[in-house]
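# Coordinates in review
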Amino acid sequence: MGFGCVFVRGNRGVETSMKFTEWMLRRVYGLGSHVFLGSSRNADWIYEKVQRTRHLPLLAGNIANYYLRRPRVSGFLTLMLEPVFGCNLHCAYCWNSFEGRFRSMRPHLMPWDLFVKVVEGLPESIEAVTVVGVGEPLAHPQICDMIDFIAAKGLRSVLYTNGTLLEGRCLDRLAQTSLDVLCVSVEPDEETSRTYRNVDLSVIRRNVEAFVAAKQPHTQVKLAVVAHAGNVHLLDRVEEYWTGLVDAVKVGRMMIIDANSHPAVCMEPWRGNFFVHTNGEVSPCCVDFFGDLVVGNVHKETLASIVRGTSIPDLLKRMLRGDTPGRCRTCSEYNAPGIPVKAPKRPIRTKDRR
């Protein structure tokens with residue numbers, strides 16, 4: 001379902017109910033996004049992941065656990081799946097600046113059998129699978145089969161891409177899948193696109209135009225823009241350049257690793273998210289690119305068993321005490337007024353260290 005669009009056939013009462021449910025959830029998420037993330041603009045990110053009202057208590061419980069400093073997660077609501085480790089681009093602000101050091105850290109492609117085990121072992125509370133990670137998903141030769149498999153399991157799919165491989169046979173095949181959201185990462189204009197991504201923005205736009213013309217009616221196309229010092233003054237240009245072509249524009253802050261930041265308790269591990277790497281390692285943090293917060297491995301156990309285990313509560317207790325990996329203690333976000341916070345942080349309390 002998109003903004004103002006409800007794909008429901010038949011009973012008019014059901015259609016009205018669906019419209020009201022979407023309106024209510026978007027209002028709730030808009031308020032929550034404003035309070036906790038500093039802006040209501042990105043409430044759509046939450047709606048992509050959680051559309052079943054029965055899961056709202058789990059979402060609220062996760063937030064309450066974080067702010068009350070409880071070392072537990074009420075429910076896991078999202079899965080972030082990394083089909084590809086490695087990218088065809090080398091964006092100036094991305095992990096590829098470390099590529100030489102970490103290229104062999106895990107397999108380039110997630111094997112099909114591992115992918116199937118992950119999806120089939122998901123807790124019932126997970127509604128959507130975000131296909132992204134430290135790499136370009138469209139580089140996986142079975143990516144379209146993955147999207148179809150996710151849909152066959154009754155789950156929604158959101159795929160992030162840099163748009164450069166969205167052409168030819170890949171575009172035609174992806175357009176015929178049951179993909180719910182295609183999110184294309186871009187810079188605001190031609191100059192910043194060449195400077196920070198070494199990509200011609202007009203080529204990306206042409207690929208998006210072709211996909212929009214070929215896609216299934218229910219598939220939404222959105223843009224994701226990473227706000228940083230070199231483009232924050234140009235963000236207004238994004239909607240102007242893409243108006244009438246995409247369904248939404250999402251702006252998030254650049255994550256900075258190895259920055260000079262103060263130790264704090266980050267909300268991300270409380271969010272109810274799994275990040276599964278190409279090697280099967282599982283982390284509760286969507287920016288745990290290097291596996292510092294791994295709580296299990298799907299090669300050895302299911303996600304459901306990881307949920308029931310002690311690894312996650314133990315990790316949260318460590319974080320409350322400030323006993324976290326060094327990279328967590330130096331992880332921060334680009335600071336800009338009006339841009340939603342990605343992972344809110346709170347100071348570590350002295351009594352929690354005991």
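Everything here concerns the structure above.
The following paragraphs examine the structure supplied in this document. (Residues numbered from 1 in each chain as written. Predicted model: local features only at pLDDT ≥ 70, side-chain atom pairs only at ≥ 80, totals over all residues. Heavy atoms only, no water.)

### Examining the overall build of the chain
- A tally of regular secondary structure across the chain gives 13 helices and 13 strands.
- Split into buried and exposed, the 354 residues of the chain put 53% on the buried side.
- Considering only residue pairs separated by 6 or more positions, the chain has 73% of its internal contacts joining residues 24 or more positions apart.
- Per element, the accessible surface of the chain, about 15900 Å² overall, is 53% carbon and sulfur. (Helix = DSSP H or I, 4+ residues; strand = E, 2+ residues; numbered from the N terminus. Buried < 20%, exposed > 50% of the residue type's maximum accessible area, 1.4 Å probe, protein only. Contact = heavy atoms within 4.5 Å. Areas by Shrake-Rupley, 256 points an atom, 1.4 Å probe, with all protein chains shown as cover.)

### Details of the packing of helix 5 (residues 112-120) against helix 6 (residues 143-152)
- The geometry of helix 5 relative to helix 6 is characterised by a closest axis approach of 11 Å and an angle of 20° between their N-to-C directions. Looking at the two axes, helix 5 sits roughly parallel to helix 6. In terms of crossing hand, the pair formed by helix 5 and helix 6 is right-handed. Of the residues in helix 6, those touching helix 5 at Trp112, Phe115, Val116, Val119 and Glu120 are Asp145, Met146, Phe149 and Ile150. (Axes fitted to C-alpha atoms, helices over the stretch in contact; angles between N-to-C directions. Parallel < 35°, antiparallel > 145°, perpendicular 65-115°, else oblique. Left-handed = near helix turned anticlockwise from the far one by under 90°.)

### Looking at the pattern of salt bridges
- Tallied over the entire structure, the rule returns 19 salt bridges.
- One salt bridge in this structure joins Glu127 and Arg156, with 2.9 Å as the shortest N-O distance. Of this pair, Glu127 sits in the loop between helix 5 and strand 2 (128-131) while Arg156 sits in strand 3 (residues 156-161), placing them 29 residues apart in sequence. For the pair Glu127 and Arg156, one class covers both residues: buried.
- Asp148 is the salt-bridge partner of Arg173, the closest N and O atoms lying 2.9 Å from each other. With Arg173 in helix 7 (residues 168-175) and Asp148 in helix 6, the pair connects residues that are 25 residues apart, well separated along the chain.
- Among the residues examined, Asp148 registers a relative accessible area of 26% and is labelled partly exposed.
- Three or more residues joined by partner-sharing salt bridges are found here, namely Glu22, Arg26, Asp44, Glu48, Lys49, Lys222 and Lys250. (Salt bridge = Lys/Arg side-chain N within 4 Å of Asp/Glu carboxyl O.)

### As for the packing of aromatic side chains
- Evaluated as defined, the whole model comprises 10 aromatic pairs.
- Relative to Trp242, the ring of Tyr241 lies with its centre 5.5 Å away and its plane at 80°, an arrangement referred to as edge-to-face.
- Taking relative accessible area as the criterion, Trp242 reaches 0% and is therefore assigned buried.
- Members of the aromatic cluster, joined through ring pairs, are Phe36, Tyr66, Tyr67 and Trp270.
- In this structure, Arg26 packs its charged tip against the face of Tyr47, placed 4.1 Å from the ring centre.
- Positioned over the ring face of Trp242 is Arg205, at 5.5 Å from the centre of the ring. (Phe/Tyr/Trp six-rings, centres within 6.5 Å; stacked < 30°, edge-to-face > 60°. Lys NZ or Arg CZ within 6 Å of the ring centre and 35° of its normal.)

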